[in-house]
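Chain by chain, the residues:
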Amino acid sequence: MSGSSAPLTSVWTVAVEPLPETRPLEGNRRADVVVIGAGYTGLSAALHLAERGAEVLVLDAAEPGWGASGRNGGQIIPGLKHDPDEMERRFGEETGRRMWQTAGSAADFVFELIARHKISCHAERCGWIAAAPHASALESLRSRTEQWQQRGAPVELLDASRIAELTGTTGYAGGMLDRRAGALQPLAFVRGLARAAQQAGAAIHGGSAVGRLASTRGAWRVETPAGSVTATSVILATNAYTDDLWPGLRRTVLPVQSYQVATRRLPGDVRRQVLPGGQVVSDLRRILFYFRLDPEGRLLMGGRGPLDDRGDPALFARLEAMARRFFPQIGTAPWEHRWSGRVALTADHLPHLHEPQPGLLIGLGYNGRGVAMATVMGKLLADRALGTSHAEIGWPVTPIEPIPLHRWRLPAMALVVHWKRFQDWLDARGPA
Ligand SMILES: Cc1cc2nc3c(=O)[nH]c(=O)nc-3n(C[C@H](O)[C@H](O)[C@H](O)COP(=O)(O)OP(=O)(O)OC[C@H]3O[C@@H](n4cnc5c(N)ncnc54)[C@H](O)[C@@H]3O)c2cc1C
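In what follows, the accompanying structure is described. Owing to the predicted nature of the structure, the values given are computational and were not obtained by experimental measurement.

If you tally the helices and strands in the chain, you get 11 helices and 18 strands. Taking 2.2 N^0.38 as the reference for a compact globule, 432 residues should give roughly 22 Å; the C-alpha atoms of the chain span a radius of gyration of 21 Å, in line with that estimate. For the C-alpha atoms alone, the extent of the chain along its principal axes is close to 65 × 50 × 45 Å. Looking at the 432 residues of the chain, the share that counts as buried comes to 56%. Within the chain, contacts between residues separated by at least 24 positions form 77% of all contacts whose residues are at least 6 apart in sequence. Per element, the accessible surface of the chain, about 18,300 Å² overall, is 52% carbon and sulfur.

Here it is as structure tokens:
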């Protein structure tokens, strides 16, 4: 297979342990907490709740990991889009500090969870490079690097020759290497989380789309096509696949498609020249690109596209052309996999934790950085469901605020994408 005949299946489905059994919900059940959505957010919440003795029931419309959690790039990136100084300016010293600490330690949290539950998912602390395509991006990275270094994080600035040495591609002005970060096999991780949650006592039901969510006299009731659950608390963990289950929530995020392509396994001599440093990379163009090798030596290239799910062949072709331009070493290696999924962007570029009514908790909006942050968010939601106060949670609990003019998002985002591409083109030309 090559080019446009490659199937729309993710590379992660090729060699992965089967899904634990998760039959659809039938009949009427009771639980302490019902979790809607079985990705990293929902399953991490379920695992942390079940470990502390709560009776938990997880429902997913499809199967655990069907959403972004089972088909992402597997880059475990700590931190936020915002730098620590900015977080302290925006939220005040105390809250800002707690937020960058929570986000900054998110990769550690994932590695510890994987080790504790012996999840076999090729997790490796190989480091992440934020690659600056031009001098002004490198200036921002210089400031980011200094801010994290002042806070004790193992990050360093890379000059043009060092980044070329580590990545095997030329043309970057420099970058930031973050040694807290790493990579994993995302589908294996989410299935491992599902298995760990089941072993801790959580019940998980696939094929169980929740169509109704309501509370009466202090109890929550959720309904699926063949059953219902009554619970003290509900955790809504549907991220970019959020529907109209809770009023206004869908309009708090912009769901954007992220596309990926993967080559056939590269021959050993080529593999040694592509990303020889072993890191995973995000290219900081306004229209983000990201790339890595998978554990079997395929080159994966990903990037953002428009908001709909059509899987435009031109977008895959653009990624493939980009990959060949960055890595001429791959020659004519065929493309064996093309796939996409949704990421949820928020207006303030921050993940959101909401509690619109007592007993209803919601975590979403990871802006394409959910491998680490969604897993952490699951723990925060579990803590809150078990009674940790808002002040102690480590993340602000904010009201649901739909993005203005959300229904015009398709044409508006198309314009934004064109504008950003134009700005990237201007940046690449340098000062006039
Ligand atoms: C192509 C791609 C590449 C990415 N690369 C990276 C990366 O390299 N690093 C990184 O950090 N992040 C990356 N991300 C983002 C990351 O994957 C997500 O932030 C993260 O997986 C979100 O997890 P989640 O559990 O909140 O949501 P999801 O994993 O999307 O799960 C939501 C679940 O909710 C279920 N659901 C929705 N509605 C209902 C309903 N009514 N009833 C029942 N179930 C429902 C869905 O079936 C779905 O399984 C990427 C995302 C994509 C799509």
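So that's the structure; there's more coming.
Here the focus is the site of the ligand. For the ligand, the set of nearby residues contains 38 residues, the closest of which are T41, D60, S69, Q75 and V371. Here a nitrogen atom of the ligand sits 2.9 Å away from a polar atom, N or O, in the main chain of G73. Protein burial of the ligand: of its 1,000 Å² of free accessible surface, 97% is covered by the chains. Taken together, the elements giving at least two residues each to the shell around the ligand come down to α1 (40–51), β12 (254–263), β16 (335–345) and α10 (370–385).

Taken as a whole, this structure holds zero disulfides when the rule is applied. The cysteine C121 is free of any disulfide, with C126 supplying the nearest cysteine sulfur at 12 Å. Taking the relative accessible area as the measure of exposure, C121 reaches 2% and is therefore buried.

Attention now goes to unusual backbone geometry. Even without being glycine, H349 reaches a positive phi, approximately 60 degrees. Considering the arrangement of structural elements, one finds H349 in the loop between β16 and β17 (352–357). Backbone geometry places N367, a non-glycine residue, at a positive phi of 55 degrees. Take N367: it is sitting in the loop between β18 (360–364) and α10.

Between α1 and helix α7 (residues 186–199), whose axes approach to 8 Å, the crossing angle comes to 30 degrees. Considering their axes alone, α1 and α7 lie roughly parallel with respect to each other. Like other packed secondary-structure pairs, α1 and α7 cross with a definite hand, here left-handed. Facing Y40, L43, A46, L47 and A50 of α1, the residues of α7 in contact are P186, F189, V190, L193, A194, A196 and A197. Tallied by class, residues from the contact of α1 with α7 come to 12 nonpolar, no polar and no charged.

With that settled, consider the pattern of salt bridges. All chains considered together, the criterion is met by 26 salt bridges. Residue R97 pairs with E94 through a salt bridge whose shortest N-O separation is 2.8 Å. In this pair, R97 and E94 both sit in helix α3 (residues 93–104), three residues apart, roughly one turn of the helix. Using a relative accessible area of 29% as the deciding quantity, one classes R97 as partly exposed. What makes E94 partly exposed here is its relative accessible area of 46%. The salt bridge partner of R221 is E223, with a shortest N-O separation of 3.1 Å.

Conventions adopted
All chains use their own residue numbering, which begins from 1 and follows the written sequence. pLDDT decides what is reported in this predicted model: residues at 70 or higher carry local features, side-chain atom pairs at 80 or more are listed and counted, and totals for whole chains, interfaces and linings draw on all residues regardless. Only heavy atoms go into the side-chain values, all of them from the structure, while hydrogens and water stay out. What counts as a helix is a DSSP run of H or I of at least four residues, what counts as a strand is a run of E of at least two, and both are numbered from the N terminus. Computation of the radius of gyration draws on C-alpha atoms, with the globule rule given as 2.2 Å multiplied by the number of residues to the power 0.38. For each residue, the accessible area found with a 1.4 Å probe, counting protein chains only, is set against the maximum for its type, and the residue is called buried under 20%, exposed over 50%, and partly exposed in between. Pairs of residues are marked as contacts when any of their non-hydrogen atoms sit within 4.5 Å. Throughout, the Shrake-Rupley method with a 1.4 Å probe supplies accessible areas, and for residues the shown protein chains are the sole cover considered. We call a residue near a molecule or strand as soon as one heavy atom of that residue lies within 4 Å of the molecule or strand. Two N or O atoms form a polar contact when they lie within 3.5 Å of each other; inside protein one atom must be a possible hydrogen donor and the other a possible acceptor, and for residues adjacent in sequence the pair counts only when both atoms belong to side chains. The term disulfide is used for any two cysteine sulfur atoms that are within 2.5 Å. To get an axis, fit a line to the C-alpha atoms, keeping to the stretch in contact for a helix; angles then go from 0 to 180 degrees between the N-to-C directions. Throughout this description, any angle smaller than 35 degrees is read as roughly parallel, any larger than 145 degrees as roughly antiparallel, any in the 65 to 115 degree range as roughly perpendicular, and the remainder as oblique. The sense of a crossing depends on the near helix, which, turned anticlockwise from the far helix by less than a right angle, makes the crossing left-handed and, turned clockwise, makes it right-handed. Just so you know the grouping, Ala, Val, Leu, Ile, Met, Phe, Trp, Tyr, Cys and Pro go in nonpolar, Asp, Glu, Lys and Arg go in charged, and all remaining residues, Gly too, go in polar. Salt bridge, as used here, is a side-chain nitrogen of Lys or Arg placed within 4 Å of a carboxyl oxygen of Asp or Glu.

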